[in-house]
Every structure is written in C-alpha cells, then in structure tokens.
Amino acid sequence: MSPWIIGFSVFFGYPLVMSVYLSFNHYDLLSPPRWVGLANYRYLFTVDPQVWTAVKNTLWLIAVMVPLQVIFAFGVASLLARVKSGAGVFRTIFYLPALAPPVAATLGFVYILNPATGPVNVLLGHLGIQGPLWFNSPTWSKPSLVLLGVWGVGNTMVIFLAAILDVPRQLYESAELDGAGPLQRLRWVTLPTISPVILFSVILGVIQGLQYFTQAFVAAGVAQGQASQAADVTSANLGYPEDSTLFYPVLLYKHGFTDFQMGYASAMAMLLLAVAFAVTLVILLNSRRWVHYAGAVR
C-alpha cells in the first residue's frame, strides 16, 4: 500500500493541511505567511462583494445543468438500449464528446455560437430568426455553458446504459402480465432498479458543479476576445460578461492567482470543501427514501 499512501499524502493530505493552515494567514506567495486568525473568513462572509454573485451563479448552474445532464444521459441511454442494429456505432457517436478535452470543447462551442459568424446564428438568420449573443450576453452565457455540459454527458450515458441493460427482463415481463404500459414500466421497474446509478450521477454532477471552472474561464476569455477583436484569455475579465460566468471556483482562482491573495483563496477553498461535504451528506441521507438496492433488507 505504500505507493498509494505516498501519493495520497503528497498530492492530497499535505495540500489539504497546508490549505487549512494558510486560510488563517495572509499569504501573497512572495512573503512568508502572516497569521491573521479568522480575518479571511470574516472578509469572505461579510465584506467581499463578489462572493454572493459567484454563489448565485454556481447554484443556478447546479440547479439547471445537473438535472438536464441526468435526464439527457438517461434518455440517450434508454434509446441506445433499444437499438438492435449498429448499436456499437451509435454508442460510440454519443460517447465521443466525452473524450474531447474541456478547453478544446469550449473553444469549439464559442466558435459555433459566435453571434456574428457562428454557424448556429447564421442558420437562424436564414430562417428569419435573430440569434442571441450567446457567450457575449449576460442572459445567454450560462445557458450556453449548460448546452456545452449536456453535449458532453458521454460518461454518464455509458453508466446509465449499463444499468438499464442490467435490469432483469423478468421484471418487465411480470409488469406486462399485470397490464403495465411503457410509462408504468418506466416508473415502477426501470427507475427503481437504476436508482443507485441516478444517485451516483446526481452526487457526481453536484460536486462537479461546485468545482466548475475550466469551461467558464475559457469561454469568458475567448468571448471577450471576440468582442474586443483581440482574444487573450490570460488578460480576460473573469466572469465576462457582467459577472454572469463568475462561478465560485473562478472567483477563488482570481483571488489566489490573479490578486495573489492565497490565504484568502485557501479560506474560500475550505468553505467549498465544507459545502461539498455537507451537500453530499444531505443527498445521501435523503436518498434512503427513493434509492433501492438489490437484495437490501428493509
């Protein structure tokens, strides 16, 4: 077990302990840490004007994107489970987006949804529809990121597909003998049987939503570059446009690596860890009402 213990200690244990320590210090990466007690946490909860904007954006993303990802992945998996001819080809096609690197996928979506020259708005223009500004609009920037997130649900889709194919056929046959229709079989056979997979997908989606960074960071930088005709991600206004893509991890990055407030960023990271743990615990406790495990004794 020593390789795992060493890796865990170096890449997780030590950074976690240092983050806890630095959250009680003023640290700018250049000078030694200086103890400030709870000052970082007081500033986080009572002073920082951007925190609540970032929190609201993050909650919006989780509330909208996670359910859509789960529903879309389940819907695609249900359709693929019924395919008899060419099933492998269709499964590969729907899984391929999950293999695209996040940066490359985001760049592709920013290009496709370019309000001036993107193929989506060009097609809408031919249909007589005025396309939105997408990533350049405070109203459409988050929905654009949701579209990107739903497009790349290949991993979740594969897990759902395996769960659906694993549902015992005799359960469907028994339901049909009792007169159950397609919707009733879905409600009373499929969903209860795959409920552990639904729980796993929801928890994973919520945790990823709380840590959502790469796509928002790249999209904001490139979209701002398109608007100013000088794409420069490194000098972008994080949260562009109008802080609509300023999610909590983006704000954490801004304070830590742009403003060099690493102590304050560590305090933000500790709050994120506590919230992720609390939300996961709440979901697990409430899952007892609707998650059913095979062979479980009630």
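For the structure itself, consult the block above.
Residues numbered from 1 in each chain as written. Predicted model: local features only at pLDDT ≥ 70, side-chain atom pairs only at ≥ 80, totals over all residues. Heavy atoms only, no water.

A. Up close: helix α12 (residues 214–228). Helix length check: α12 (15 residues) gives 21 Å between terminal C-alpha atoms against 21 Å at 1.5 Å per residue, within 8%. Three or more residues of α12 are buried, namely A216, F217, V218, A219, A220, G221, V222, A223 and G225. In the core, the buried residues of α12 are packed alongside α5 (102–112), α7 (141–151) and α13 (248–258). (Helix = DSSP H or I, 4+ residues; strand = E, 2+ residues; numbered from the N terminus. Expected span 1.5 Å × (residues − 1). Buried < 20%, exposed > 50% of the residue type's maximum accessible area, 1.4 Å probe, protein only. Contact = heavy atoms within 4.5 Å.)

B. Here's a closer look at the packing of α13 against helix α14 (residues 262–286). Running from amino to carboxyl end, α13 crosses α14 at an angle of 155°, the nearest separation of the two axes being 7 Å. If you check the angle between α13 and α14, you find them roughly antiparallel. Here the hand of the crossing between α13 and α14 comes out left-handed. Touching Y248, L251, L252, H255, G256 and F257 of α13 are M262, Y264, A265, M268, A269, L271 and L272, all from α14. (Axes fitted to C-alpha atoms, helices over the stretch in contact; angles between N-to-C directions. Parallel < 35°, antiparallel > 145°, perpendicular 65-115°, else oblique. Left-handed = near helix turned anticlockwise from the far one by under 90°.)

C. Seen up close, the packing of aromatic side chains. Across all of its chains, the model carries 13 aromatic pairs by this definition. Taking 5.1 Å as the distance between ring centres and 80° as the angle between the ring planes, the aromatic pair formed by Y43 and Y264 counts as edge-to-face. Placement of Y43 in helix α2 (residues 39–46) and of Y264 in helix α14 is noted, with a sequence separation of 221 residues between them. Between F213 and Y253 the ring centres are 5.2 Å apart and the planes differ by 50°, which places this aromatic pair in the tilted class. With F213 in the loop between α11 (195–210) and α12 and Y253 in helix α13, this residue pair connects regions lying 40 residues apart in the sequence. (Phe/Tyr/Trp six-rings, centres within 6.5 Å; stacked < 30°, edge-to-face > 60°.)

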